[in-house]
Amino acid sequence: MNFYSTNNPKHSVSLKEAVIRGLAPDQGLYMPEKIPVLSKDFIQDLPNLSFLEIGYHVITELFGEDLTKEQIKELVDHTLTFDAPLVKVEEDVYSLELFHGPTLAFKDFGARFCSKLMSILMKGEERNVRVLVATSGDTGSAVANGFYKVPNVEVIILYPKGKVSELQEKQFTTLGENITTLEVDGVFDDCQKMVKEAFLDKELNEKMLLTSANSINIARWIPQCLYYFYAYSRLPQTDKKIAVSVPSGNFGNLGAGILAERMGLPIDVFIASTNVNKVVPNYLAGNPFITKSSMQTISNSMDVGNPSNFFRLLALYDNDEKLFREKVKGFYFEDQDTKYGMLKVKENSNYIMDPHGAVGYLGLRNFRKQNPDQFVGIFLETAHPGKFRNVVEETLGLKLELPERLEKFMKGEKKTTPLKNDFQEFKKYLLISI
Ligand SMILES: *Cc1c(COP(=O)(O)O)cnc(C)c1O
């Protein structure tokens with residue numbers, strides 16, 4: 001299967017080129033040239049299949065022309081090493097817990113798939129590939145851990161100084177080896193902008209092989225569709241319609257859900273839930289798409305003012321804005337709403353949500369209020385509450401126990417290099433560190 005750029009449908013490249021480039025040279029996002037539609041039999045049979053079986057089937061439909069059966073098995077086995085349980089929270093409301101991986105956030109799925117696929121595609125190459133990552137928190141930890149000690153791959157992580165939680169920072173700054181971190185004097189969008197500029201810089205690209213592991217990369221983005229199939233497969237039989245709410249920042253996760261739907265998964269409505277960085281809910285309400293600089297919130301992994309997957313969402317609906325606005329509903333929440341949601345759900349259902357999952361829950365709740373009794377809903381719980389311990393403990397007035405693998409990171413020593421918010425400084429760093 002080839003991949004085209006959202007900026008130019010005639011620019012078409014192989015899987016390897018799309019993964020190694022990350023972003024198309026015209027700054028467009030790569031998209032599969034055709035979206036395979038899965039058979040009705042497969043969809044009906046989903047409740048009888050394991051997560052791995054679902055993974056093999058869906059990935060074969062997508063990459064079966066480009067990878068051998070053995071490579072697909074290797075990829076899926078490496079990715080789906082932990083479960084994604086669907087937990088009932090209220091009548092007709094389920095939490096899809098995506099935080100059971102090594103860094104306790106959903107990005108582990110994409111990062112694990114991406115590192116494995118890159119190492120498969122780079123086999124036999126002489127040069128190392130350098131993965132540049134801008135992170136608002138969880139991407140850094142998932143990518144650092146997913147790529148740690150992967151041969152022929154170096155990872156360089158840019159993150160905004162003082163704007164990620166201590167635990168998130170520990171998860172990527174304490175590893176060392178092939179993982180380097182740069183602490184940028186700026187906000188997430190500044191980090192993302194420098195990374196994008198590096199991909200377009202002629203001199204850098206002549207001297208080194210640069211790629212991205214942000215959700216703009218299809219190797220990070222596409223595998224995220226797998227847990228939507230799995231969630232559907234574990235949902236009790238229902239005559240109601242199905243709504244899925246996705247707490248969103250760069251909108252890769254939601255885009256992967258729409259991809260699953262386009263492949264034939266019967267999801268009736270998606271809900272784009274955000275914090276006050278509400279560029280997409282604003283657009284879905286009928287306004288033009290206008291990016292903003294990001295604002296800091298308690299759901300900091302979603303503090304994104306220029307969501308990089310937006311045009312991918314539009315492309316998934318064949319650039320039909322009317323259809324997009326029909327199928328995706330937007331909601332946004334202030335921090336105080338998020339805290340209130342966390343508290344109410346703890347009181348009523350004894351379920352503890354992290355601030356991101358809580359935004360997803362609230363979007364679903366509001367949508368179901370507008371459409372009473374019609375929908376069964378799933379919200380994606382994208383991080384373990386322990387990752388955002390301070391906010392959760394303060395909001396709920398309790399002490400959280402940290403899972404052991406988080407405690408381990410907290411004991412490590414932070415190693416990082418400060419970087420000015422200036423592309424030329426970043427470029428200099430890249431050139432001297434080859
Ligand atoms: C990254 C992240 C999000 C946002 O995901 P996108 O794919 O960027 O929309 C939501 N919640 C958590 C916990 C995250 O780490």
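Note that this is a predicted model, so its numbers are computed, not measured.

### Remarks on the overall build of the chain
In terms of helices and strands, the chain carries 20 helices and 14 strands. Here the C-alpha radius of gyration of the chain, 20 Å, is about what a compact globule of 434 residues would show, namely 22 Å. For the chain, the proportion of its 434 residues judged to be buried stands at 60%. A separation of at least 24 residues holds for 76% of the contacts in the chain among residues at least 6 apart in sequence. Carbon and sulfur atoms make up 46% of the accessible area of the chain, which amounts to about 17500 Å² in all. Positive and negative side-chain charges of the chain, numbering 51 and 56 respectively, have mean locations separated by a distance of 2 Å.

### Notes on the side chain of Thr174
Tracing the backbone shows Thr174 in the loop between helix H7 (166–173) and strand E8 (179–184). A distance of 2.6 Å separates a polar atom in the side chain of Thr174 from the backbone oxygen of Lys170. Thr174 has contacts with Phe409, Gly412, Glu413, Lys414 and Lys415, leaving out every residue within four places of it along the chain.

### Notes on the nonpolar core
One finds Phe3, Val58, Phe147, Tyr228 and Phe229 to be the most contacted residues of the largest nonpolar core, which totals 102 residues. Considering each element in turn, this core owes the most residues, 9 residues, to helix H5 (residues 107–122). Apart from the residues within four sequence positions on either side, Tyr228 is in contact with Val244, Val246, Asn253, Leu254, Ala256, Gly257, Ala260, Leu265, Ile267, Phe270 and Leu380.

### Description of empty space enclosed by the protein
Take a probe with the size of a water molecule and roll it over the atoms, and the empty space left behind shows itself. Counted under the stated rule, the structure contains 3 cavities of 30 Å³ or more. In this structure, the largest cavity spans a volume of roughly 270 Å³. Looking at the lining of the largest cavity, the elements with two or more residues in it are helix H6 (138–147) and helix H12 (252–262). Here the lining of the largest cavity is composed, by residue class, of 8 nonpolar, 13 polar and 3 charged. Lining the second largest cavity are Ala134, Gln192, Val195, Lys196, Phe199, Asn214, Ser215, Ile216, Asn250 and Ser308. Considering each element in turn, the lining of the second largest cavity owes the most residues, 4 residues, to helix H8 (residues 188–200). Tallied by class, residues from the lining of the second largest cavity come to 4 nonpolar, 5 polar and 1 charged.

### Looking at the site of the ligand
Around the ligand there are 15 residues in total, and Lys107, Asp138, Asn250, Phe251 and Thr382 lie nearest to it. Here an oxygen atom of the ligand and a side-chain polar atom of Lys107 are 2.4 Å apart. Between the ligand and Asn250 there is a distance of 2.8 Å, counted from an oxygen atom to a backbone nitrogen or oxygen. Within the complex, 96% of the 380 Å² of free accessible area of the ligand lies under protein. Structurally, the ligand is housed in the largest cavity. A class-by-class count of the residues in the shell around the ligand yields 5 nonpolar, 8 polar and 2 charged.

### Section: unusual backbone geometry
Positive phi is not limited to glycine here, since Asn152 has a value of about 65°. Tracing the chain through its elements places Asn152 in the loop between H6 and strand E7 (153–160). The backbone of Asp373 sits at a positive phi, close to 65°, despite the residue not being glycine. Examined against the element boundaries, Asp373 turns out to sit in the loop between helix H17 (355–370) and strand E13 (375–381).

### Here we look at the sheet that holds strand E4 (residues 86–90)
Pairing within the open sheet is mixed, and its 6 strands lie in the order E4-E5-E13-E10-E11-E12. Edge positions in the sheet fall to E4 and strand E12 (328–332), since each of these pairs with one other strand and no more. Mean inter-strand twist for the sheet, computed between neighbouring axes without regard to direction, equals 25°. Judged from the 5 bridges that link them, strand E10 (residues 241–247) and strand E11 (residues 269–274) form a sheet pairing that is parallel. When the sheet's bridge partners are listed, Ser245 is paired in E11 with Ile271. Packing of H17 onto the sheet brings it into contact with E4, strand E5 (93–97), E10, E11, E12 and E13, and relative to E13 it is tilted by some 165°.

### Some remarks on the UniProt feature "domain: Threonine synthase N-terminal" (unreviewed entry) in the chain
Sequence positions flagged by UniProt for "domain: Threonine synthase N-terminal" (unreviewed entry) are, in local numbering, residues 3–79. Overall, residues 3–79 shows 48% helix and 16% strand. The separation of its end C-alpha atoms is 22 Å.

Reading the values: the criteria
Residues numbered from 1 in each chain as written. Predicted model: local features only at pLDDT ≥ 70, side-chain atom pairs only at ≥ 80, totals over all residues. Heavy atoms only, no water. Helix = DSSP H or I, 4+ residues; strand = E, 2+ residues; numbered from the N terminus. Rg over C-alpha atoms; globule rule 2.2 N^0.38 Å. Buried < 20%, exposed > 50% of the residue type's maximum accessible area, 1.4 Å probe, protein only. Contact = heavy atoms within 4.5 Å. Areas by Shrake-Rupley, 256 points an atom, 1.4 Å probe, with all protein chains shown as cover. Lys, Arg positive; Asp, Glu negative; His and termini not counted. Charge placed at Lys NZ, Arg CZ, Asp CG, Glu CD. Polar contact = N/O pair within 3.5 Å; in protein donor to acceptor, adjacent residues only side chain to side chain. Core = buried A, V, L, I, M, F, W, Y, C linked by side-chain atoms within 4.5 Å. 1 Å grid on protein atoms, 1.4 Å probe; cavity = no way out; pocket = protein on both sides within 12 Å on 5 of 7 lines; lining within 4 Å. Points joined across faces, edges and corners; volume = space filled by probe spheres on them. Nonpolar A, V, L, I, M, F, W, Y, C, P; charged D, E, K, R; others polar. Near = heavy atom within 4 Å. Sits in = over half its atoms within 2 Å of the grid points. Pairing = 2+ DSSP bridges. Axes fitted to C-alpha atoms, helices over the stretch in contact; angles between N-to-C directions. UniProt positions renumbered as here; feature names shortened; annotations may be inferred.

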